[in-house]
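Listed below are the residues making up each chain.
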Amino acid sequence: MSGMATITDTIKPPVTSVGVLGWLRKNLFSSWFNSLLTIVALWLIYNFVVGLWGFVTTANWNVVIVNLRLFMVGRYTLEQVWRVQVSVAILAFLLGASWRAWGGIIQQIGISIAALFVVLALLAFETSSRVYLAANVALIAIGFGFAHLVRSRGLLVALWIASPFVIAILLYGGVGGLPIVATDLWGGLLLTFALAVSGIVLSFPLGVLLALGRQSSYPVIKWFSILYIEIVRGVPLVTMLFTAQIVLPIFLPEGMTVERVVRVMVGFTAFTAAYLAEVVRGGLQAIGRGQSEAAKAIGLNTIQILWLIVLPQAIRVVIPAIVQQFISLFKDTSLVAIVGLLDLAGIANSVISQKEFLGLQNEVLVFIAAIYFVCCYVMTYASRRLEKRLGVGER
Amino acid sequence: MSENQSNDIIIARDVHKWYGNFHALRGVSMTLKRGEVVVIFGPSGSGKSTFIRTLNRLEEHQRGTIIVDGIELNNDTRNIEAIRSEVGMVFQQFNLFPHLTAMDNIALAPLWVRKWTRDKAEKMAMELLERVGIPEQADKYPNQLSGGQQQRVAIARALAMQPKIMLFDEPTSALDPEMIKEVLDVMTQLAKSGITMICVTHEMGFANAVANRMVFFDGGQLIEEGTPEQIFNNPQHDRTKLFLSQILH
């Protein structure tokens, strides 16, 4: 019998080096120092969780409950709040329909949002809120069914493109007999979302155009792009908002005024676009020359090469940096306090300073921190799923 | 002097190119007939790749004339686009589009440049994949394919525009030895099908079997040309003899 091993017998690895025990041993208790760290960390986590739980259960949440409408929509006219609720319902419907039509990461987002609504419905105190939240979950399902019956992605894309206009008109009014609700009255989470969503959607194409302009062979376009990017990046966001507030009316024709909210939207968009331009430029530099050479060799023109080959790869590579910009933008919306608008953080500040709720800062701050955290987490989660789906790092 | 001599598909006359002060191409003149298979060989830095890249304007020549299928190659973008749709190129580093499947890589140009329908483009892509021997890889992404398979997809992609001329820039230099043969087989098949080919390569066996003519480049100049028999058995110039002695061992 020679000394050769037979490869047909399968020998199982020892129990303590695989499975849960093995993982614990290798990662948490591999050495004295590691074990010590693990114990200290467990103790800290225990204290934190117990402390947080204690706070949550013993705190006086009245301040949040009483001011809930303020937190959600600011000073939006009470009788017209239904318009905000309808806007959310429209989005829930479109989400459900997109879930059915595209699946993939939209499915994950759909599940998360539906789960969020369910959790909120369980936490809610008033029956009307519970009914409203349950109705939204139902609308997601209805949207799902709608897309199932009407199998047209084109229709859905058209609906999505129309939705910002429809919602903007619905919220602002002035059409179809709807009384106008001045944007100065918008506040709380409604304002935060309005500013963040408009900033994200508008700054992205502008940022990409600036990044491409910076590489342009036409000197005028190139130098304009460079100047814009460098000047905007050299200025704090607060200053940009302030400047937009004062400077924008100068550029408009005589007699035309623009609401404060629109001015700060322009400020946010202009600011984020400059940062995005640099992020996208980094992505463009990461794509080898061979890609555009191969594209030229098969006869694609410049626009086709950008749209089909270079931009998809460049943007895919910098998704983490882009999402980072968007998350920053979402939280930076709190700076609109400087022009006197009350977003979620602004409302929190004004609620805390009310006489009857003195000393209840903790409750309010934990509440809005939770909201900011959930929104930012949804964004990071979606970006992780998107990266996985696009095969970032694999292909 | 008629530009439409229908048998001469590429006419290059006294082509010069500089990179800054470096004189990369020094007065290269070459004529290619339809259906001819030409192998260009020579030491690195001799200008072989630079020369074929000037033929589809991936590099610009500063002096001399290049006429491809009766169209003069100059700064006129319409000329450049017309020439690029007749000339296919295969690169040393494959340069497949990593975010598209093999099928989409091939169907891309017919879809967007010739404006075919998706069905027609995909049907043609499948035929080409069969022609290069890998129809089962249609839905794979480039990073899931071996080097030899990727290069074959690249060849199919270049053929999708039904070009009159195929340029190969060291197509097997980045491949593992066991995959070189499968790519050379595809190229041999192509050569036999009558398409005009210019290959920059070090594969002398391939040149001997398939080339109508071999061209030796050194120092940016065309030193010698002849049939494979003439070049291998009876090289005229010292530099040709030196180079051949270095690579044939």
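Residues numbered from 1 in each chain as written. Chains lettered and ligands numbered in written order. Predicted model: local features only at pLDDT ≥ 70, side-chain atom pairs only at ≥ 80, totals over all residues. Heavy atoms only, no water.

Notes on the interface of chain A and chain B
Counted only if it meets this: Contacts are residue-level and defined by heavy atoms, with any inter-residue pair within 4.5 Å sufficient. What counts as buried area is the accessible surface, traced by a 1.4 Å probe, that two parts surrender upon association, with contributions from both included. Salt-bridge detection follows one rule: a side-chain nitrogen of Lys or Arg within 4 Å of a carboxyl oxygen of Asp or Glu.
Each partner contributes to the interface: chain A provides 20 residues, whereas chain B provides 22 residues. Roughly 1,900 Å² is buried in total at the junction of chain A and chain B, and carbon and sulfur atoms are behind 62% of that figure. Three residues, Ala297, Ile298 and Arg395 of chain A, lead the burial of chain A against chain B; their summed loss comes to 33% of the area buried on that side. Inspection of the region where chain A meets chain B yields one salt bridge.

Considerations on helix H9 (residues 188-214) of chain A
Stated formally: Helix and strand definitions follow DSSP, with helices as H or I runs of at least four residues and strands as E runs of at least two, each counted in order from the N terminus. Each residue after the first adds 1.5 Å to the expected span of a helix. One fitted axis covers the seven residues ending at a residue, a second covers the seven starting there, and the bend at that residue is the angle between these axes.
A rise of 1.5 Å per residue sets the reference length of H9 of chain A, with its 27 residues, at 39 Å; its end C-alpha atoms lie 38 Å apart and thus fit the reference within 8%. Residue Ser203 of chain A marks the point of greatest curvature in H9 of chain A, where the axis turns by about 30°; the proline Pro205 of chain A follows within four residues.

Section: the sheet that holds strand S5 (residues 71-72) of chain B
Residues and elements named next belong to chain B. We apply this condition: DSSP-based pairing: two strands are paired if at least 2 bridges between them are found. A fitted line through C-alpha atoms serves as each axis, taken over the contacting stretch for helices, and the angle formed by two N-to-C directions is quoted from 0 to 180°.
Pairing in this open sheet of four strands is antiparallel, and the strands run S2-S1-S4-S5 from one edge to the other. Where the open sheet ends on each side, the last strands, each with one partner, are strand S2 (22-33) and S5. Strands strand S1 (8-19), S2 and strand S4 (63-68) of the sheet are contacted by helix H1 (residues 48-55), whose axis makes an angle of about 60° with S2.

Let's talk about the domain arrangement of chain A
Residues and elements named next belong to chain A. Applicable threshold: Residue ranges assigned to the domains are those given by an automatic or database domain assignment. Residues are sorted three ways: Asp, Glu, Lys and Arg are charged, Ala, Val, Leu, Ile, Met, Phe, Trp, Tyr, Cys and Pro are nonpolar, and all the rest, Gly among them, are polar.
Domain parsing of chain A yields domain 1 (76-181) and domain 2 (184-395). Opposite the 12 residues of domain 1 that make contact, domain 2 presents 10 residues. Interface of domain 1 and domain 2: buried area, both sides summed, is about 1,100 Å²; carbon and sulfur atoms make up 74% of it. At the level of elements, helix H6 (105-123) and helix H8 (153-172) are the ones that each hand at least two residues to the side of domain 1 that touches domain 2. Among the elements that line the side of domain 1 that touches domain 2, the one with the most residues is H6, at five residues. In the side of domain 1 that touches domain 2, the residues fall into eight nonpolar, four polar and no charged.

With respect to a nonpolar patch on the surface
All names here are of chain A. Definition in use: Candidates for patches are residues over 30% relative accessible area with no salt bridge; among them, like charges are joined within 9 Å and nonpolar side chains (Val, Leu, Ile, Met, Phe, Trp, Tyr) within 5 Å. Here the open area of atoms and residues is found with the Shrake-Rupley method and a 1.4 Å probe, where only the protein chains shown may cover a residue.
Where nonpolar side chains cluster on the molecular surface, the patch consists of Leu116, Val119, Leu120, Leu123, Phe373, Val374 and Tyr377 and spans about 630 Å² of accessible area. Those elements giving two or more residues to the nonpolar patch turn out to be H6 and helix H17 (361-390). Of all the elements, H6 adds the most residues to the nonpolar patch, at four residues. The residue Leu120 is located in helix H6 in this model.

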